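The residues making up each chain are set out below.
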Amino acid sequence: MKEIVKPLLAWYQENARVLPWRQEPSPYHVWLSEIMLQQTRVEAVKEYYRRFLEHLPTVQDLAEVEEEELLKLWQGLGYYNRVRNLQKAAQIICTQYGGIFPTEYHAWLALPGIGEYTAGAVVSIAFGKKEPAVDGNVYRIYTRLRTDGTDITKTELKKRVRQELLEIMPEDPGGFNQALMDLGAMVCLPNGTPLCDQCPLQTYCKAHQAGTELSYPVKPSGKPRRIEKRTVFLLEYQGRYLLQKRPDRGLLAGLWEFPGQEGHLTLEQVMDGLQDLGVSADGHTSDITLIGKAKHIFSHVEWHMLGYEIHLSAISDKLRDHGVFCTLSELRDTYSIPSAFAVYLKYLFSDPEKNIEK
Ligand code: SF4
């Protein structure tokens, strides 16, 4: 593996991506960007990253910010546990470390939401520590270079890759790790054919020599996602829409959502469902509109949703206790609503008759 270091670093010097968090790679910046980049494309992260730092420029700001404001800054990135753990870790850094970032790999690994990859990325890039940052990009490059057919979920592969990278780690570990990230993102591509003719490691790559690049990495056969049908209610009363909090555990834990019910309900069933919410169907629901279907894909579940907008002329205490009735401007600016409901939010905001308050 030693032979890959020089050509890889030379390639990186010429081809490194210009990314906002690379301009000033402080531990806070590297950490924040790495957390945002989990499950999210680089292009999508850039604007979130800029806005987040504009509001919360220091780890102290992050530790102290109100949860609602924090979630709002994260809205649309999904996987909200990431930002909750980010804040928990910031609070630990402020209380246990006096606001000074730890420099050691194992100290980072002990913080909430930080795995081996992120700990390695932060300490190598921000502190120049010789720690690998092994993610999907690195597994893909490694298994292709070596024609290693081990299932990438196996611990033995993880240990092997980490050990071999540790052995060849050069004087600039941050540069080396970022070179692998960029090679994986730009050349040794995850989907479709890798651009081997542009690859600095071509002469060392066994898969390329054998023409078997696409056989690696070997992944376990995944289970199909569970389909959950849901009916979503946009319940409007006097220009405000009802939001309720999801349970503290499980999918989208503790986030705001539009109320709903399992299954795809017919109009008649919707009327019955309203009764469960304490709204009498006779005479109080003045208007029900079928908005239509929407789909949202989580890692293990797919929501197939059917939405209704329901204008209420009266509400019960039971319904009031269900959550909060929000104006459209509050829906837009104050409450963080998961992107699973993006289609329905778009529906609310795209209707000119709704006159969003400024
Ligand atoms: Fe990946 Fe091709 Fe480079 Fe091998 S030669 S590391 S398969 S891009």
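This is a predicted model, so every value here is computed, not measured.

### Regarding the overall build of the chain
In step 1: Along its length, the chain carries 17 helices and seven strands.
In step 2: Out of the 358 residues belonging to the chain, those deemed buried represent 49%.
In step 3: Put simply, 67% of the contacts in the chain that link residues at least 6 apart link residues at least 24 apart.
In step 4: On the chain, roughly 17800 Å² of surface is accessible, and the fraction owed to carbon and sulfur atoms is 49%.
In step 5: In the chain, 41 side chains carry a positive charge and 46 a negative one; their mean positions are 6 Å apart.

### Considerations on the packing of aromatic side chains
In step 1: What the rule picks out here adds up to 12 aromatic pairs.
In step 2: Centroid distance Phe-101 to Trp-108: 5.9 Å. Interplanar angle 5°. Geometry classified as stacked. Across this residue pair, the class does not change: Phe-101 and Trp-108 are buried.
In step 3: Above the ring of Trp-303, the side-chain terminus of Arg-230 is found at 4.1 Å from the ring centroid.

### Examining the pattern of salt bridges
In step 1: Under the definition given, this model contains 19 salt bridges.
In step 2: Measuring nitrogen to oxygen at the nearest pair gives 2.6 Å for the salt bridge that ties Glu-47 to Arg-50. With Glu-47 and Arg-50 both in helix α4 (residues 42-55) and three residues apart, the pair spans about one turn of that helix.
In step 3: Note on Glu-47: relative accessible area 41%, which makes it partly exposed.

### Concerning the nonpolar core
For soluble globular proteins, nonpolar side chains are generally found buried alongside one another.
In step 1: Grouped together as the largest cluster of nonpolar side chains are 65 residues, with contacts concentrated most on Trp-31, Phe-52 and Phe-258.
In step 2: Setting aside residues up to four positions removed in sequence, Phe-258 forms contacts with Val-232, Phe-233, Leu-234, Leu-242, Leu-243, Leu-331, Phe-341, Tyr-344, Leu-345 and Leu-348.

### Looking at helix α10 (residues 136-146)
In step 1: Counting buried residues along α10, nine of its 11 residues qualify, which places the element largely inside the surrounding structure.
In step 2: Among all positions of α10, only Asn-137, Val-138, Tyr-139, Arg-140, Ile-141, Tyr-142, Thr-143, Arg-144 and Leu-145 are buried.
In step 3: Buried residues belonging to α10 abut α11 (155-168), α12 (173-186) and α13 (206-210).
In step 4: At the N-terminal end of α10, a side-chain oxygen is found 3.1 Å from the backbone nitrogen of Asn-137, two or three residues along, and the residue is Asp-135.

### Focus: the environment of Lys-293
In step 1: Among the secondary structure elements, Lys-293 is positioned in strand β5 (residues 285-297).
In step 2: Relative accessible area serves as the criterion here: at 66%, Lys-293 is assigned to the exposed category.
In step 3: Taking the C-alpha atoms as reference points, Lys-293 and Tyr-344, separated by 51 residues in sequence, lie 9.4 Å from one another.
In step 4: Beyond its immediate sequence surroundings of up to four residues, Lys-293 is in contact with His-264, Met-305, Leu-306 and Tyr-344.

### Points about the environment of Thr-103
In step 1: Relative to the helices and strands, Thr-103 resides in the loop between α7 (81-96) and α8 (105-109).
In step 2: For the pair formed by Thr-103 and Val-122, sequence separation is 19 residues and the distance between their alpha carbons is 8.8 Å.

### A short note on the side chain of Glu-213
In step 1: Within the secondary structure layout, Glu-213 lies in the loop between α13 and β1 (226-237).
In step 2: Of the buried charged residues, Glu-213 lacks a salt bridge, with Arg-144 as the closest side chain of opposite charge at 7.3 Å.
In step 3: With near-sequence residues (within four places) excluded, Glu-213 lies in contact with Arg-144, Pro-194, Cys-196, Ala-207 and His-208.

### Topic: the site of the ligand
In step 1: With respect to spatial proximity, the complete set of residues near the ligand consists of Arg-144, Val-187, Cys-188, Pro-194, Cys-196, Cys-199, Gln-202, Cys-205, His-208 and Glu-213.
In step 2: A breakdown of the residues in the shell around the ligand according to their chemical character gives six nonpolar, two polar and two charged.

### A look at the pairing of β1
In step 1: Pairing of β1 with strand β6 (residues 301-312), which is carried by 12 bridges, proceeds in the parallel orientation. Each bridged residue has a counterpart across the sheet, and for Glu-236 the counterpart in β6 is His-311.
In step 2: Sheet topology note: the β1/strand β4 (residues 260-262) ladder contains three bridges and is antiparallel. Across the sheet, Thr-231 pairs through a bridge with Gln-261, a residue of β4.

### Concerning the side chain of Thr-150
In step 1: One can find Thr-150 in the loop between α10 and α11.
In step 2: The exposure class assigned to Thr-150 is buried, which follows from its relative accessible area of 15%.
In step 3: In terms of polar contacts, Thr-150 uses its side chain to reach the side chain of Arg-160, at 2.9 Å.
In step 4: The contact partners of Thr-150, leaving out residues within four places of it in the chain, are Glu-156, Leu-157, Arg-160 and Val-218.

### Quick notes on the packing of α10 against α11
In step 1: Remark: α10 packs on α11, axes separated minimally by 11 Å, with the N-to-C direction vectors making an angle of 85°. By the angle between their directions, the pair α10 and α11 is classed as roughly perpendicular. On α11, the residues that touch Val-138, Tyr-139, Tyr-142, Thr-143 and Arg-146 of α10 are Leu-157, Lys-158, Arg-160, Val-161, Glu-164 and Leu-165.

Cut-offs used in this document
- Residues numbered from 1 in each chain as written.
- Predicted model: local features only at pLDDT ≥ 70, side-chain atom pairs only at ≥ 80, totals over all residues.
- Heavy atoms only, no water.
- Helix = DSSP H or I, 4+ residues; strand = E, 2+ residues; numbered from the N terminus.
- Buried < 20%, exposed > 50% of the residue type's maximum accessible area, 1.4 Å probe, protein only.
- Contact = heavy atoms within 4.5 Å.
- Areas by Shrake-Rupley, 256 points an atom, 1.4 Å probe, with all protein chains shown as cover.
- Lys, Arg positive; Asp, Glu negative; His and termini not counted.
- Charge placed at Lys NZ, Arg CZ, Asp CG, Glu CD.
- Phe/Tyr/Trp six-rings, centres within 6.5 Å; stacked < 30°, edge-to-face > 60°.
- Lys NZ or Arg CZ within 6 Å of the ring centre and 35° of its normal.
- Salt bridge = Lys/Arg side-chain N within 4 Å of Asp/Glu carboxyl O.
- Core = buried A, V, L, I, M, F, W, Y, C linked by side-chain atoms within 4.5 Å.
- Polar contact = N/O pair within 3.5 Å; in protein donor to acceptor, adjacent residues only side chain to side chain.
- Near = heavy atom within 4 Å.
- Nonpolar A, V, L, I, M, F, W, Y, C, P; charged D, E, K, R; others polar.
- Pairing = 2+ DSSP bridges.
- Axes fitted to C-alpha atoms, helices over the stretch in contact; angles between N-to-C directions.
- Parallel < 35°, antiparallel > 145°, perpendicular 65-115°, else oblique.

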